[in-house]
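Structural characterization, general
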Amino acid sequence: MKVLVATKRVIDYTVRIRVKSDETGVETSNIKMSMNPFDEIAVEEAVKLKEQGKVTEIVAISIGDKTCQETLRVALAMGADRAILIETTENIQPLAAAKILQNLVKRETPQLVLLGKQAIDSDHNQTGQMLAGLLNWAQGTFVSKIELKDTIVDVTREIDGGLQMLSLQLPAVITTDLRLNQPRYLSLPNIMQAKRKPIEIIPLDTLLLDTTSRLHILKITPPEKRHTGIKVANVKELIDKLKKEAQVIT
Amino acid sequence: MSILIIAEHDNQALKPCNWHTLTAAQQLTGDIDILVIGYQCEAVITSAQKLKKIRQVFVADAKAYEHQLPENTAQLIADLAKNYQYVLMAATTFGKNILPRTAALLESAIVTDITKIISTDTFLRPIYAGNAFATVQNKESIQFLTIRSTAFKAETASSTSLAPIKIIDTIILNILSKFINQILTISTRPELTNARIVISGGRGLKNAENFKIIEELADLLGGAVGASRAAVDAGFAPNDYQVGQTGKVVAPDLYIAIGISGAIQHLAGMKDSKIIVAINNDPDAPIFEIADYGLVEDLFTATSELLAELKK
Ligand SMILES: Cc1cc2nc3c(=O)[nH]c(=O)nc-3n(C[C@H](O)[C@H](O)[C@H](O)COP(=O)(O)OP(=O)(O)OC[C@H]3O[C@@H](n4cnc5c(N)ncnc54)[C@H](O)[C@@H]3O)c2cc1C
């Protein structure tokens, strides 16, 4: 069984975000970039399924400029077999990303597509659901457990009230939540080996898709600042403040 | 111009998030209809009819819609959506699951997790875990939107007359996915996203047994219990307690963070709380940067004193 995994290059989750003063975006120069953590979980899951003998080939995909090859090298070092970069310098929004992935699904005919549930930069949480809709496939979102069988895949989803268990007909789209697994560390031999694995580069315009932005970002602004608080000396003072000053408890 | 809200419910009752979505809808211009998809959900339908300023309640009640899975419900919504300018859902795991798929079926973009309506087609939404905000203009002919509940007041007033019902009798079967089971956290406490007071615990609690201190405090104060990702991952608390960028977003009157360091991913879910209290023995913990009242102390000492004082 072949699996496609989508990976996005984003600002590393440990970086403190700074909004540019001209309100056009956030600072990205000299800033550490990494694979979106949820996508890392998706790659890890694909590799695990391969180690269990349930998956035969893992194809990692990224959409973006040349630097996304670094992200794909990480996926290859984790255990993906080959990679495809859809190269573009345009800003790709979720609907466009879903269309690109739909196109690759037609070409690669996988039984399963794994993606992170959201990218930690734009926080949209849309692409997987959109892809499933475009393909008219079953979808399992925010998944914390996967059991892959011959014609179905059982998933556990993290929902607002707890957990939901579904059985999805294959082919299916699955988006990953944090507790699905713990991505592995990269070993040096694997990093070296990944250098020899192929990355196919396809210019976006050769796919002949309408990927224009439907959402216009008018400006990016910093959040409102909270006023600075105080330190209290002990529990008694805390309770006193909460009762008399803040009046949030009685 | 008209607006369609997709109701969120469990076949028994409407979820409180609908009241917030309704407030957002009222800030747009147009008549508001609501769609109830489910199975044997009479009580939900009646509550929907009583919501303020609802023109019409659409009802799709069939066994095929019992678990409201996206494979068929997204199609059902898409068919109805064509008559509307706006289609709204709450930005809950339910809304996030269904509405992007619906939008894609109509080849349309969607704006998720809106915290402010700026004009008829322009919205504010957080990005980078709330460390920046994007002002987004959506040019699509149907505006698909999900609404962050904490950013809009609840419209809980009910209407004196019942809105009329219109039955949708097309039944779309779901042959792609099957519901097996669900495990819901049963709690007598207020719902996390709606509670006036939230007490959250983090890794500092050290084990599940100690985490009960958080629950005891919450019960004394009539609050809900939250947790950091580290606390959930370590098994101190169930997954649906997680507050943060990738968990729940809360904005209570009082949020007490105990043994939580204050990672940006956690702050994303609680920094709009009115009053924030942090208890942590590390004076440099980032949680203190946003706390109104910070107490630098061992959490076990502080909480036992707190419990004793509150019991007085
Ligand atoms: C993609 C991604 C998404 C994430 N999403 C979320 C999310 O939604 N929500 C979330 O919470 N996290 C999220 N995280 C994780 C986040 O980065 C932090 O790792 C997590 O919030 C840390 O939890 P914590 O504060 O409980 O633990 P720690 O950071 O370990 O903090 C524990 C704190 O307890 C204090 N402490 C220890 N012992 C005591 C004591 N005896 N008395 C007093 N204080 C004590 C310590 O000083 C420390 O500050 C996400 C991470 C990633 C990468």
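This report concerns the structure included in the present document. Position numbers for residues start from 1 in each chain and track the written sequence from start to end. Written order determines the labels here, with chains lettered from A and ligands numbered from 1. It should be noted that, the model being predicted, local features are given only for residues of pLDDT at least 70 and side-chain atom pairs only at 80 or more, the latter also being counted only at that level, while totals for whole chains, interfaces and linings use all residues. Calculation of side-chain values draws on the structure's entire complement of heavy atoms; hydrogens and water are dropped beforehand.

Re the side chain of A:His124
All names here are of chain A. Along the polypeptide, His124 turns up in the loop between β6 (112-116) and α4 (127-135). A simple rule labels every residue: compare its accessible area, found with a 1.4 Å probe on the protein chains alone, to the largest value its type can have, and call it buried under 20%, exposed over 50%, or partly exposed in between. According to the relative accessible area criterion, His124 is buried, its value standing at 15%. At 3.4 Å, the side chain of His124 forms a polar contact with the side chain of Gln126. The way it works is that DSSP assigns letters per residue, a run of H or I at least four long becomes a helix, a run of E at least two long becomes a strand, and they are numbered from the N terminus. The definition of a polar contact used here is a pair of N or O atoms within 3.5 Å, where within protein one atom must be able to donate a hydrogen and the other to accept one, and adjacent residues in sequence count solely through side-chain atom pairs.

Some remarks on the interface of chain A and chain B
Any pair of residues with heavy atoms lying within 4.5 Å of one another is described as a contacting pair. With 72 residues of chain A at the contact, the number on the chain B side is 86 residues. What gets called buried area is simply the loss in accessible area from a 1.4 Å probe that two parts show on being joined, summed for both. Buried surface at the junction of chain A and chain B, summed over both partners, amounts to about 6800 Å²; 56% is from carbon and sulfur atoms. Interface area lost by chain A to chain B is led by A:Asp160, A:Arg226 and A:Val235, which between them contribute 11%. Any Lys or Arg side-chain nitrogen found within 4 Å of a carboxyl oxygen on Asp or Glu counts as a salt bridge. At the surface where chain A touches chain B, the tally comes to 7 salt bridges.

Notes on the pairing of strand β6 (residues 116-119) of chain B
Residues and elements named next belong to chain B. Any two strands between which DSSP finds at least two bridges are classified as paired. Summarising the sheet, β6 and strand β7 (residues 122-127) pair through 3 bridges and their orientation is antiparallel. Across the sheet, Ile117 pairs through a bridge with Phe123, a residue of β7. What sits between the antiparallel neighbours β6 and β7 is a turn of 2 residues.

Looking at the sheet that holds β7(B)
Taken together, the 4 strands give an open sheet; going across it, the order is β12(A)-β8(B)-β7(B)-β6(B), and neighbouring strands pair in antiparallel fashion. Each edge of the sheet is formed by a strand with only one pairing partner; in this case those strands are β12 (215-221) of chain A together with β6 of chain B. For this sheet the average axis-to-axis angle between neighbouring strands, irrespective of direction, equals 30 degrees. One ladder, built from 6 bridges, connects β7(B) with strand β8 (residues 132-138) of chain B; its direction is antiparallel. Note that in β8(B) the partner of B:Arg125 across the bridge is B:Ala134. The axes are straight lines fitted to the C-alpha atoms, using for helices just the contacting stretch, and the angles between their N-to-C directions are given from 0 to 180°.

Let's talk about helix α1 (residues 37-51) of chain A
Residues and elements named next belong to chain A. What a helix should span is 1.5 Å times the count of its residues minus one. Its 15 residues place the ends of α1 21 Å apart at the C-alpha level, agreeing with the 21 Å of an ideal helix rising 1.5 Å per residue. Residues Phe38, Asp39, Ile41, Ala42, Val43, Glu44, Glu45, Ala46, Val47 and Leu49 constitute the buried set of α1. Of the residues flanking the end of α1, it is Gly53, one or two places downstream, whose phi is positive at about 80 degrees.

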